[in-house]
Amino acid sequence: MDHFPTNWGRPRNDTVDAYNTYPLHQRPDWRPKDSFADGIQRTQQPIVTGTSVLAIKYKDGIMMAADNLASYGSLARFKDIQRLHVVGDYTILGAGGDMSDFQHIQHTLDSLMIEEFSVDDGHKLGPPEIYEYLSRLMYGRRSEMNPLWNSILVGGFKDGKSFLGYVDLLGTTYSASTLATGYGSMIAQPLLRKAVEGREHLITEEEAREIIKTSMKVLFYRDARSLNKYQIGTITAAGPKIYEAQSSETEWSFAEGIRGYGAQTQ
Amino acid sequence: MSIMELNGGSVIAMVGKDCVAIASDLRLGNQALSISSNFQKIFPVTDRIYIGLPGLASDVATLRERFRLRVNMYTIKEERELEPETFAHLVSSTLYEKRFSPYFVEPVVAGLSKLPTSTPESPKFKPFICGTDLIGCLNFAKDFIVCGTASEKLFGVAEGLWEPDLEPEDLFETISQTLLNAVDRDAFSGWGAVVHVLTPDKVITRTLRGRMD
Amino acid sequence: MPQQRQFNPYSENGGTILAIAGADFAVVAGDTRQSEGYSIQTRYAPKVFRLTDKAVLAVNGFAADGNILVKTVKQRLEWYRHAHAKDMPLRAIARLIQTILYAKRFFPYYVYNILGGIEEDGTGAVYSFDPVGSYEREACRAAGAAQALVQPFLDNQIYFKNQKPKPGQSHPTHLPLDHVLSLVIDSFTSATERHIEVGDGLEIYVVLARGHSAQGLSNIPGAQEISQTDEGERVFVVRRDLKKD
């Protein structure tokens, strides 16, 4: 005799003794099962990725650079991807990390700009507003344990003030006169700091371009997930501008002389 | 649980004007349980060299005897007194011998080394301190050496209190305050302290009362 | 099942904060370096924030959580102003911070907080919190990367621990402002010397109760007044350089 009325009329659950009161009876669960529940990937990993982004402050505003590669693991999968993106009239984003997440962010921000335009209140979102929105978006997603797997630089120039900020998948934010993401933060950041820190208001556009060019070259030499094809973006009083892709002059003749490292010298 | 934190204990050494000081707590514990409040960690090596051995208590006893042996062998063979610098290298090589199964002890050496200009009539000495990690990497500091479970706290207080060229009594006060306040914030050190101040003509040894909690 | 790497929603951004209460003032300080691992992210990211004309909050730990927490607290204080037409008193801010922190008990803000300011009775106060909201009022507190270095030094120099007063005398219960400021500066230069995550810059907020002269600030160069109430509470900030290596 099954003493539990909730089980009457249902198939018996043989894993428990129906004549005992312990363990507490379980009603058989006949609700439809979602066979794909285990397959939902919330805590993802980045798939198609971009590497470093660099940015510096200079006399007229902000200069930013990122190469055109989107890697699939170690495969150089897409070699004509733009990782700099203009938002509104005063801001450029540059992103490393997962490219599909970045394109989702582009879409979100573009929708936001349209929404703001439709309000027609004569107000335009500037770099600090976009940065705040983006960092709240990133922090909100990390708090849902479903992050947007990027590190992003936000550069801007509005009302005579330049802006440069960083935000990543954890929602961590900071500002400085030179910023770099990924490998750039280890390889290029020291070069950028040496060239820029303390003389932000003296650096001309040509000089800034030279600083960025040497840093991108060093990154191409040392970062195996980089490409010798990159774009520079500037944000000045004249507005945001992303330039045509360019490449660095490289010199590989020294490679002839390398005979391996450590014990392998033959 | 780290073996370095099994028995607890801390040692500090400081340089003063023509003097050095070395001090330690007196606790011996088994993890959080205190066993003894009279466990010696600092030992005289010669009249002018003291060594502090914070770490695993059994290795403290072993190393103390090993150093006694090697110092005696040196003195007999060389027929002269051992200098602190030499002893520091002796400590280092003894520890490095056991590079891949180390003694769990981070020794601190404090001593007065004889200057070349020193004569038996007017002896002249230079303060010397040094520390090593558990495999004998030497650290010759000009100011102070800290070791043991309260080392981080000792660093903070010593960096705030120490100044160059302290006279013996001021050095005593500085090292005592540094040690007591650091071990009071450490769960594995404390239960009293002992301080030795080495000067050219005498060694001042004082036992300090500390918090017993 | 695909190989899964668990996403870690936390990070540690280094730095150290410190606060000391005087009889009728409070000092709250923090370094300005923000780091992750061995990388310095920026040399200037403030960790100390003015909340009202008599309350200052220092946050240390995971920077993203810290910034959000400060924004939340500031927003709640603004709502309080709209509802009550006055600033929230210090002890109420302390309780507010507790409830905000405890509300996230099972997904905590990974942040250590120290609140400093002037109590309604005009005394200087410091409140310190753990990440899930447990708090107490104290005379001084250090937190963050160099807490272990600074706190025992403060025990010795503020509470006079292990020091015996001269016969017939007693230790002062509160120290004068100039003395407190020099202890704060010494604490941070010491921490900078021995801890890699501390350095670059130092920001010291000083909250003075009504009637307290800014005397102690005179020998500190670069003290800048940032607010003053009708009743006479004043908030100052002192910015100094720390070593950048």
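In case you missed it, the structure is sitting above this.
All of the points below concern the structure found in this document. Here the residue numbering is sequential within each chain, running from 1 through the sequence in written order. Here the convention is simple: chains get letters from A, ligands get numbers from 1, in the order in which they are written. Reporting in this predicted model follows two pLDDT cut-offs: at least 70 for local features of residues, and 80 or more for side-chain atom pairs to be given and counted; totals over whole chains, interfaces and linings ignore these cut-offs and use all residues. Heavy atoms from the whole structure form the basis of all side-chain values; hydrogens and water molecules are not counted.

### Overview of helix α1 (residues 63–84) of chain C
- Counting from the N terminus, the helices are DSSP H or I runs at least four residues long and the strands are E runs at least two residues long. Here the expected span of a helix is defined as 1.5 Å times the quantity of residues minus one. Spanning 22 residues, α1(C) covers 31 Å between terminal C-alpha atoms, matching the ideal 32 Å at 1.5 Å per step.
- Exposure is judged per residue with a 1.4 Å probe applied to protein chains only, and the accessible area is read against the type maximum: over 50% gives exposed, under 20% gives buried, and values in between give partly exposed. Turning to α1(C), its buried residues are Ala63(C), Ala64(C), Asp65(C), Gly66(C), Ile68(C), Leu69(C), Val70(C), Val73(C), Leu77(C) and Tyr80(C).
- Only heavy atoms enter the contact rule, under which two residues are in contact if any of them lie within 4.5 Å. Close packing links the buried residues of α1(C) with α2 (127–143) of chain A together with β3 (34–36), β5 (48–52), β6 (55–61), α2 (90–103) and β7 (111–118) of chain C.
- At the C-terminal side of α1(C), Ala85(C) shows a positive phi close to 55 degrees.

### A closer look at the interface of chain A and chain C
- At the interface, 23 residues of chain A touch 27 residues of chain C.
- Of the roughly 2200 Å² buried where chain A meets chain C, counting both sides, 50% is carbon and sulfur surface.
- Three residues, Tyr139(A), Arg142(A) and Leu170(A), lead the burial of chain A against chain C; their summed loss comes to 25% of the area buried on that side.
- Salt bridge, as used here: a side-chain nitrogen of Lys or Arg that lies within 4 Å of a carboxyl oxygen of Asp or Glu. There are three salt bridges connecting chain A and chain C.
- Arg43(C) is the partner of Glu197(A) in a salt bridge, and the nearest nitrogen-oxygen pair spans 3.4 Å.
- For the purposes of these results, a polar contact is taken to be a pair of N or O atoms within 3.5 Å, where, inside protein, one atom must be able to donate a hydrogen and its partner to accept one; residues adjacent in sequence count only when each atom of the pair is a side-chain atom. Applying the counting criterion to the chain A and chain C interface returns seven residue pairs in polar contact (both at pLDDT 80 or more).
- No other element matches the five residues that α2(A) contributes to the side of chain A that touches chain C. Values labelled buried area give the accessible surface lost by two parts on being combined, using a 1.4 Å probe and summing over both.

### Describing a negative patch on the surface
Residue and element names in this part refer to chain B.
- Residues form patches when they are more than 30% accessible in relative terms and have no salt bridge. Like charges link within 9 Å. Nonpolar side chains (Val, Leu, Ile, Met, Phe, Trp, Tyr) link within 5 Å. The Shrake-Rupley method, run with a 1.4 Å probe sphere, supplies the accessible areas, and residue values consider only the shown protein chains as cover. Note on charges: Lys and Arg go in the positive column, Asp and Glu in the negative column, and His and the chain ends are not counted at all. A charge is said to be at NZ when it belongs to Lys, at CZ for Arg, at CG for Asp and at CD for Glu. A grouping of Asp-18, Glu-163, Asp-165, Glu-167, Asp-170 and Glu-173 is seen on the molecular surface, where their side chains present a negatively charged patch.
- Inspection of the secondary structure assignment puts Asp-18 in the loop between β1 (10–16) and β2 (19–25).
- The exposure class assigned to Asp-18 is partly exposed, which follows from its relative accessible area of 44%.

### Structural notes on unusual backbone geometry
- Residue Asp165(B) is not a glycine yet carries a positive backbone phi of 60 degrees.
- If you trace the backbone, Asp165(B) turns up in the loop between α3 (151–161) and α4 (168–183).
- Here the phi dihedral of Asp200(C) falls at roughly 75 degrees; this positive angle occurs in a residue that is not glycine.
- By the element assignment, Asp200(C) lies in the loop between α4 (177–194) and β11 (201–208).

### Describing the sheet that holds strand β12 (residues 230–236) of chain A
Residues and elements named next belong to chain A.
- The five strands are arranged β11-β2-β3-β12-β13 in an open sheet whose pairing can be described as antiparallel. Of all the strands in the sheet, the pair left with one neighbour each is β11 (178–180) and β13 (239–242). Across the sheet, the axes of successive neighbouring strands diverge by a mean angle of 10 degrees, strand direction being ignored.
- Of the strand pairs in this sheet, β12 and β13 are connected by four bridges, and their pairing is antiparallel. By the bridge assignment for β13, Thr-234 is matched with Lys-241.
- Only the stretch in contact is used when a helix axis is fitted, and all axes are lines through C-alpha atoms; the angle between N-to-C directions ranges over 0 to 180 degrees. Its contacts with the sheet place helix α4 (residues 189–196) against β2 (53–58) and β11, and it is angled at close to 170 degrees to β11. What makes two strands pair is DSSP finding at least two bridges between them.

### Here we look at the arrangement of the chains
- Between chains A and C lies the most contact-rich interface of the two pairs of chains that touch.
- Between chain A and chain B there is no contact; the minimum C-alpha to C-alpha separation amounts to 23 Å.

### Brief notes about the environment of Glu115(A)
Residues and elements named next belong to chain A.
- Looking at the element boundaries, Glu-115 is found in helix α1 (residues 99–119).
- A relative accessible area of 54% places Glu-115 in the exposed class.
- Sequence separation between Glu-115 and Arg-199 is 84 residues; the distance between their C-alpha atoms is 39 Å.

### Brief notes about the pairing of strand β11 (residues 193–198) of chain B
All names here are of chain B.
- Burial runs high along β11: six of the six residues are buried.
- Across the two faces of β11 the burial is the same, with Ala-193, Val-195 and Val-197 and Val-194, His-196 and Leu-198 all buried.
- Relative to β11, β2 runs antiparallel, the two being bridged by six bridges. Each residue of the ladder has a partner; that of Asp-25, found in β11, is Ala-193.
- Pairing between β11 and strand β12 (residues 203–208): six bridges, direction antiparallel. Looking across to β12, one finds that Val-195 is bridged to Arg-206.
- The antiparallel pairing of β11 with β12 creates a hairpin that spans four residues between the two strands.

### Quick notes on the interface of chain B and chain C
- With 16 residues of chain B in contact, the opposing surface of chain C contributes 16 residues.
- Carbon and sulfur atoms supply 51% of the area buried between chain B and chain C, which totals about 1400 Å² over both sides.
- A per-residue breakdown of the area chain B buries against chain C is headed by Glu159(B), Asn181(B) and Arg185(B), which together make up 36% of the total.
- Linking chain B with chain C are three salt bridges.
- One salt bridge in this structure joins Glu159(B) and Arg194(C), with 2.8 Å as the shortest N-O distance.
- Seen at the junction of chain B and chain C, the total is seven residue pairs in polar contact (both at pLDDT 80 or more).
- If you list the elements that add at least two residues to the side of chain B that touches chain C, you get α3 and α4 of chain B.

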